[in-house]
Amino acid sequence: METRASVAAQAEYAVADYGYDEEKRGATTGGHTEEGLEIANLRISGDIVSALAGRGITKLFPIQKAVLEPAMQGRDMFGRARTGTGKTLAFGIPIMDKIIEFNKKHGKGRNPLALVMAPTRELARQVEKEFQQSAPVLDTICVYGGTPISSQIRQLDYGVDVAVGTPGRIIDLIKRSALNLSEVQFVVLDEADQMLSVGFAEDVDVILERLPHKRQTMMFSATRPTWIRELVKKHMNNPTIIDLVGESDQKLADGITLYSISSDIYGKASIISPLITEHAKGGKCIVFTQTKRDADRLAYAMARNLRCEALHGDISQSQRERTLSGFRDGHFNVLVATDVASRGLDIPNVDLVIHYELPNTSETFVHRSGRTGRAGKKGTAILMYTQDQSRAVRVIERDVGCKFTELPKIAVEGGAADMFSGMGGGGRFGMRESRFGDTGFGRSGSRGDYGSGRSGGNRSSGFGRSDGYGGSSSSSRDGYGGSGSGRFGSGGYRSGNFGSHGGDRGFGNFGSGRPSGFGGNQSSRSSRGFGEFGSGRSGGYGDNRSTQSSGGFGGFNSSRFGGRSADNRIADD
Ligand SMILES: Nc1ncnc2c1ncn2[C@@H]1O[C@H](COP(=O)(O)OP(=O)(O)OP(=O)(O)O)[C@@H](O)[C@H]1O
């Protein structure tokens, strides 16, 4: 295959060159309502319009409409929208259109003009796929760890227009001089706050440092911790803020029906199958657990009755891909996952999400639940909780602006509660001493040979990078801390809940340990909010490193439910 020549000199002007003029403006969103949503009327590249139409995408979703004009104008942009509302194409369409136009004028170059960074491999692959399918005329690459670097180097050498990847592998490729960022004009940080939680903060900063100064930067993030505020200050130029979630709106997509169900800790395992049967009705279901080990054990146990697989960061990359494509293609219908799957993953037609264990924060609740009800479809999310977690359930309702309908109790059949016995070390789920037996399930590559999935090594470099989700500190300044919400149970209390086996994680008795307590810090309300972006004022956005206990991106109050020991952290990628 022929390699492409560099167009460094011209690329410098890719953003400015675009010529977003009044003519285009008239055709995009300005002043138009319904008409403005029709993609065919936008005068964006015909290649994009027809590729999108081929996928059944003919009208812009609201976030896409909101982003289009500032993005076309070359503005830096910071955005937030609900899950599954089409953020990828919101930044994708303007970037693809500009690159197509630029290539028409200058010919294709060798080095990428756009760089999209995502916190997980799965998300990176998904974003690249969205680009590929929406603009087949562009050459894209997806780079992430756990797969051979040599083929990525070869592909980069042939020439690409858009590079998508996780920061770790991007740095690797830069160091090997395989990835040349000198022509990058469009940069996107997708799920930016998750970069911090999975330990990519430093890498992201290093990469942004290396990019040309003259560029357009777009960032999407559900929250705005200190790190992100610093990043924005340092690397963005007076960004336009687009917040489609707002202060008081409910944070979930409209089509998601919410239920809660109380169960004692041993009953949970036995009611999960009836719950899935009744609410997924044969469709796809994702069950979220807190730890990788729990995901394995639950998947193993449930596989007695249901076609089901586990997904987490200890599973090899190739197996993860097989598992995901098997789930996508309907080879099995129940995926048991840690929070590695809670953000960004776009699996069509997931009917049901079950929070087998409470999420660590309200925000995680939103992201997990958002795996269903995507792209305007309907879905159901069920939160399982024990009686002593009732208060945490109310906190989620308050933070997220939602209301759970409590499901009637499901009677536990005798013996069913022991469905986990006989596994591994034989103990019961959640018993401190038993700890699920450390024999594990050693699944790598052994189960479910579904469909395609790229081949590749099992190396999991880039996994489990530093921080993990949330700190384990019990300080009240830690955590996502929304304004008016403190941490719960981070102090001395630990209930013997499911999964509280390490002794120092678990959800605690909410509110009872109370150093910071529920509802603290109301006074911070004036200093949070999206609008104050870059203003240097304090407050806002909660950060698990921050010294602030207040915040919330535009009012998202994401309480934190207890700390977790490093041993159990979720940092999968
Ligand atoms: N305008 C549109 N019309 C129809 N479908 C669309 C449109 N835009 C995006 N989609 C589809 O909607 C789904 C969700 O989009 P996407 O994954 O970009 O959502 P998201 O907002 O990034 O979600 P999350 O916050 O969960 O990552 C995708 O399958 C995408 O192809």
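See the structure printed just above.
From a predicted model like this one, the values you see are computed outputs, not experimental measurements.

Participant: How should I be thinking about the overall build of the protein in this particular structure?
Facilitator: The helix and strand tally for the protein stands at 18 helices and 16 strands. Taken across its 573 residues, the protein has 62% of its residues classed as buried. Counting only contacts in the protein whose residues sit at least 6 apart along the sequence, the fraction spanning at least 24 positions is 79%.

Participant: Is there a simple way to explain the sheet that holds strand E9 (residues 284–288) in this structure?
Facilitator: Hydrogen bonds between backbone groups are what pair the strands of a sheet, and the pairing can be parallel or antiparallel. With parallel pairing, 7 strands are arranged side by side in an open sheet as E10-E11-E9-E12-E13-E8-E14. With one partner strand each, in any of the chains shown, strand E10 (308–311) and strand E14 (405–406) form the two edges of the open sheet. Across the sheet, helix H16 (residues 317–328) is in contact with E9, E10, strand E11 (334–337) and strand E12 (350–355); its angle to E10 comes to roughly 140 degrees. Against the sheet, helix H17 (residues 362–369) engages strand E8 (256–262), E9, E12 and strand E13 (379–385), with an angle of about 155 degrees to E12.

Participant: Explanation requested: the nonpolar core in the structure shown.
Facilitator: Within soluble globular proteins, side chains that are nonpolar generally end up buried alongside one another. In this structure, Phe91 and Ile95 are the most contacted members of the largest nonpolar core, which totals 43 residues. Looking at this core, the elements with two or more residues in it are helix H5 (46–54), helix H6 (62–72), helix H7 (87–106), strand E2 (114–117), helix H8 (121–134), strand E4 (162–165), strand E5 (186–189) and strand E6 (216–220). In terms of residue count, the dominant contributor to this core is H7 (9 residues).

Participant: I keep staring at the sheet that holds E2 and nothing clicks. Help me out?
Facilitator: Pairing in this open sheet of 7 strands is parallel, and the strands run E3-E4-E2-E5-E6-E1-E7 from one edge to the other. Since the sheet does not close on itself, it has two edges, and those belong to strand E3 (140–143) and strand E7 (240–243), each with one partner. In this sheet, neighbouring strand axes are inclined to one another by 15 degrees on average, regardless of whether the strands run parallel or antiparallel. Sheet contacts for H8: E2, E3 and E4; angle to E3, the most-contacted strand, approximately 175 degrees.

Participant: How should unusual backbone geometry be read in this particular structure?
Facilitator: Among all residues save glycine, negative phi is the norm, and among peptide bonds the norm is trans. In this model, Ser177 sits at a positive phi of 60 degrees, which is unusual for a non-glycine residue. Structurally, the position occupied by Ser177 is in the loop between helix H10 (167–175) and E5. We note that Asn349 has phi near 60 degrees; this positive angle belongs to a residue other than glycine. With respect to the helices, strands and loops of the structure, Asn349 is situated in the loop between E11 and E12. Asn349 gets classed as partly exposed once you look at its relative accessible area, which sits at 44%.

Participant: I'm lost on the packing of H8 against H16 in this one. Help?
Facilitator: Any two packed helices are characterised by how steeply their axes cross, that is the angle between the axes, and by the distance between the axes. Viewed as axis vectors pointing N to C, H8 and H16 meet at an angle of 55 degrees, and their least axial separation amounts to 11 Å. Between H8 and H16, the interaxial angle falls into the category oblique. Seen along the crossing, H8 lies across H16 with a hand that is right-handed. Here H8 contributes Arg121, Glu122, Arg125 and Gln126 to the contact with H16, which in turn contributes Gln317, Arg320, Glu321, Leu324 and Arg328.

Participant: Would you mind going over the packing of H7 against H8 with me for this structure?
Facilitator: Axis separation between H7 and H8 bottoms out at 10 Å; the angle between their running directions is 45 degrees. Our classification of the angle between H7 and H8 gives oblique. The handedness of the crossing between H7 and H8 is right-handed. Residues Thr88, Leu89, Phe91, Gly92, Ile95 and Met96 of H7 pack against Val127, Glu130, Phe131 and Ser134 of H8. Broken down by class, the residue content of the contact of H7 with H8 amounts to 6 nonpolar, 3 polar and 1 charged.

Participant: Could you clarify how one ought to interpret the pattern of salt bridges in this entry?
Facilitator: Once the charged atoms of two side chains with opposite charge are near each other, the side chains can pair. Going through the model one piece at a time under the given rule, you end up with 15 salt bridges. In this structure, Arg125 engages Glu321 in a salt bridge whose closest nitrogen and oxygen atoms are separated by 3.8 Å. Of the two residues, Arg125 is situated in helix H8 and Glu321 in helix H16; the sequence distance between them amounts to 196 residues. According to the relative accessible area criterion, Glu321 is buried, its value standing at 4%. In this structure, Lys234 engages Glu209 in a salt bridge whose closest nitrogen and oxygen atoms are separated by 3.2 Å. Remark: Glu209 occurs in helix H12 (residues 201–210) and Lys234 occurs in helix H13 (residues 226–235); sequence separation between them is 25 residues. The partly exposed category is assigned to Lys234, whose relative accessible area is 48%. What you see here is one network of salt bridges that share partners, running through Lys108, Asp139 and Asp161.

Participant: Even after reading the chapter, I still don't get the layout of surface pockets, so can you show me in this structure?
Facilitator: Over the atoms, a rolled probe matching the size of one water molecule traces out where space is still vacant. Roughly 830 Å³ of internal volume is contained in the largest pocket. Lining of the largest pocket is provided by 30 residues; of these, Arg55, Glu130, Asp346, Arg374 and Ala375 occupy positions nearest its centre. Secondary-structure elements contributing two or more residues to the lining of the largest pocket are H7 and H8. A per-element tally of the lining of the largest pocket places H8 first, with 5 residues. In the lining of the largest pocket, the residues fall into 6 nonpolar, 12 polar and 12 charged.

Participant: What is the right way to read the packing of aromatic side chains from this model?
Facilitator: Each aromatic ring pair is specified by the distance between its two centres and by the angle formed by the two planes. Scanning the model with the defined rule gives 4 aromatic pairs in all. Centroid distance Phe365 to Phe404: 5.5 Å. Interplanar angle 75 degrees. Geometry classified as edge-to-face. Pair noted here: Phe365 is in helix H17 and Phe404 is in the loop between helix H18 (390–400) and E14, with a separation of 39 residues, a long-range link. For Phe365, a relative accessible area of 0% puts it in the buried group.

Participant: Honestly, the environment of Gln133 in this entry has me stumped. Any pointers?
Facilitator: Within the element layout of this structure, Gln133 appears in helix H8. On a C-alpha basis, the gap between Gln133 and Gly54 in space is 9.3 Å, while along the polypeptide they are 79 residues apart. Residue contacts for Gln133: discarding those within four places in its chain leaves Ala51 and Arg55.

How each quantity is defined
- Residues numbered from 1 in each chain as written.
- Predicted model: local features only at pLDDT ≥ 70, side-chain atom pairs only at ≥ 80, totals over all residues.
- Heavy atoms only, no water.
- Helix = DSSP H or I, 4+ residues; strand = E, 2+ residues; numbered from the N terminus.
- Buried < 20%, exposed > 50% of the residue type's maximum accessible area, 1.4 Å probe, protein only.
- Contact = heavy atoms within 4.5 Å.
- Pairing = 2+ DSSP bridges.
- Axes fitted to C-alpha atoms, helices over the stretch in contact; angles between N-to-C directions.
- Core = buried A, V, L, I, M, F, W, Y, C linked by side-chain atoms within 4.5 Å.
- Parallel < 35°, antiparallel > 145°, perpendicular 65-115°, else oblique.
- Left-handed = near helix turned anticlockwise from the far one by under 90°.
- Nonpolar A, V, L, I, M, F, W, Y, C, P; charged D, E, K, R; others polar.
- Salt bridge = Lys/Arg side-chain N within 4 Å of Asp/Glu carboxyl O.
- 1 Å grid on protein atoms, 1.4 Å probe; cavity = no way out; pocket = protein on both sides within 12 Å on 5 of 7 lines; lining within 4 Å.
- Points joined across faces, edges and corners; volume = space filled by probe spheres on them.
- Phe/Tyr/Trp six-rings, centres within 6.5 Å; stacked < 30°, edge-to-face > 60°.

Remember that the coordinates give geometry; whether it matters functionally is a separate question.
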